[in-house]
Amino acid sequence: MKEQLQALEKEALQKVEEAISLKELQDVRVAYLGKKGPITEVLRGMGKLSKEERPVIGELANKVRGQIADAIDSKKADIEAEELEKQLAEETIDVTLPGRPVPTGGPHLLTSIVEEIEDLFIGMGFEVREGPEVETDYYNFEALNLPKGHPARDMQDSFYITEDILLRTHTSPVQARTMNMIQGERPVKMICPGKVYRRDTDDATHSHQFTQIEGLYVDKNVRMSDLKGVLDRFAKQMFGEERQIRLRPSFFPFTEPSVEMDISCKMCNGEGCSVCKKTGWIEILGAGLVHARVLEMAGYDPKVYSGFAFGMGPERIAMLKYGVDDIRHFYTNDIRFLKQYHQA
Ligand code: PHE
């Protein structure tokens with residue numbers, strides 16, 4: 001019987017050792033220590049033993065039982081620890097893994113270019129001002145030396161709302177409004193970005209709605225050379241330090257003298273190519289010294305104050321800078337077009 005118990009112990013411990021799950025371990029417990037198990041069986045047969053043998057075998061059986069139970073308990077603790085370890089390993093978060101990308105939008109190319117131009121002029125001491133898109137005839141035309149019936153009004157075919165109210169055809173009325181507000185009491189140095197409207201047939205280079213940025217600097221002793229210096233800085237910063245500028249005589253009712261500014265063609269460096277139509281120069285903006293009548297109407301004494309003004313179209317600037325070949329790309333908002341200009 002002793003050998004039988006010892007063999008059982010060996011066998012049970014072996015099974016405990018081999019168990020790899022709590023379920024298997026429980027099976028071993030039931031098989032060896034359960035009511036129908038072999039040890040209980042041995043103990044049940046003790047009645048047949050002699051008086052001397054009985055306590056010896058009894059003690060041995062209890063010892064074997066205890067040992068198997070201990071082995072099961074310790075194995076159970078091992079398996080539980082192992083399972084916890086495994087679970088922790090599975091649930092570990094690797095903080096070094098790259099995150100899932102979140103799709104983001106970005107500024108429209110036109111917004112970016114307007115902001116770039118604004119920053120550039122803010123850097124030269126200009127403040128940014130805005131005004132209404134639905135404007136009075138007075139600020140859009142008359143205050144800018146374009147009285148009713150003036151032939152130059154034809155340069156800017158307009159959308160009228162009433163006889164006297166229209167969608168502004170340029171951002172110059174913001175300058176007239178600002179000067180009018182200051183009434184000649186101090187200098188003004190401002191730019192005004194915004195949407196403007198003209199009765200035009202849309203094509204690759206025309207749009208009935210587009211953007212303008214105009215600048216105005218009125219102070220004592222403002223001269224043509226100041227205008228040239230500011231525009232030269234603008235052209236070089238926007239299109240590269242190697243760009244040259246050229247001023248050509250022109251006409252605007254609100255400036256005298258008036259000029260148009262060209263920059264040397266970036267594509268051919270002035271040699272002449274299809275982009276600059278073989279001239280080596282590309283027209284960028286209109287400008288001039290503020291007409292004495294415009295200053296006067298806004299309350300400035302033209303004998304004391306003088307000023308310059310300029311106006312440009314950010315669409316045109318962006319088209320030249322980024323090689324966009326159709327102005328309509330800015331408004332049709334094809335995401336494939338817009339995406340090309342997003343800085344990540
Ligand atoms: N307002 C003019 C236009 O829209 C541009 C301009 C502004 C020209 C200022 C000269 C001076 O055509």
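The structure displayed is predicted, hence computed values, not measured ones.

Caption draft 1: Representation of the sheet that holds strand β4 (residues 188-197) within the structure. Taken in spatial order, the 7 strands line up as β1-β4-β5-β9-β8-β7-β6 in an open sheet, and their pairing is mixed. Edge strands, defined here as strands with exactly one partner in the open sheet, are β1 (127-128) and β6 (245-252). Where β1 lies against β4, 2 bridges are found, and the strand directions are parallel. Each bridged residue has a counterpart across the sheet, and for Glu127 the counterpart in β4 is Met190. Of the strands in this sheet, β4, β5 (209-220) and β9 (305-312) are in contact with helix α7 (residues 172-182), which crosses β4 at around 140 degrees. Where helix α8 (residues 224-239) meets the sheet, its contacts fall on β6, β7 (255-264), β8 (281-290) and β9, and the angle it forms with β8 comes to roughly 150 degrees.

Caption draft 2: Main features of helix α5 (residues 109-122). With 14 residues, α5 should reach 20 Å at 1.5 Å per residue; the first-to-last C-alpha distance of 20 Å fits that figure. Residues of α5 that are buried: Leu109, Leu110, Ile113, Val114, Ile117, Glu118, Leu120 and Phe121.

Caption draft 3: Local environment of the domain arrangement of the protein chain. Domain annotation for the protein chain reports domain 1 (2-90) and domain 2 (109-339). Placing the centre of domain 1 and that of domain 2 at their C-alpha centroids yields a distance of 96 Å.

Caption draft 4: Just the side chain of Gln175, in detail. With respect to the helices and strands, the residue Gln175 is situated in helix α7. Of note is the side chain of Gln175, whose polar atom sits 3.2 Å from the backbone oxygen of Gly215. Excluding residues that lie within four positions of it along the chain, Gln175 makes contacts with Met190, Cys192, Glu214, Gly215, Leu216, Ala309 and Phe310.

Thresholds, definitions, all that
Residues numbered from 1 in each chain as written. Predicted model: local features only at pLDDT ≥ 70, side-chain atom pairs only at ≥ 80, totals over all residues. Heavy atoms only, no water. Pairing = 2+ DSSP bridges. Helix = DSSP H or I, 4+ residues; strand = E, 2+ residues; numbered from the N terminus. Contact = heavy atoms within 4.5 Å. Axes fitted to C-alpha atoms, helices over the stretch in contact; angles between N-to-C directions. Expected span 1.5 Å × (residues − 1). Buried < 20%, exposed > 50% of the residue type's maximum accessible area, 1.4 Å probe, protein only. Domains from an automatic or database assignment. Polar contact = N/O pair within 3.5 Å; in protein donor to acceptor, adjacent residues only side chain to side chain.

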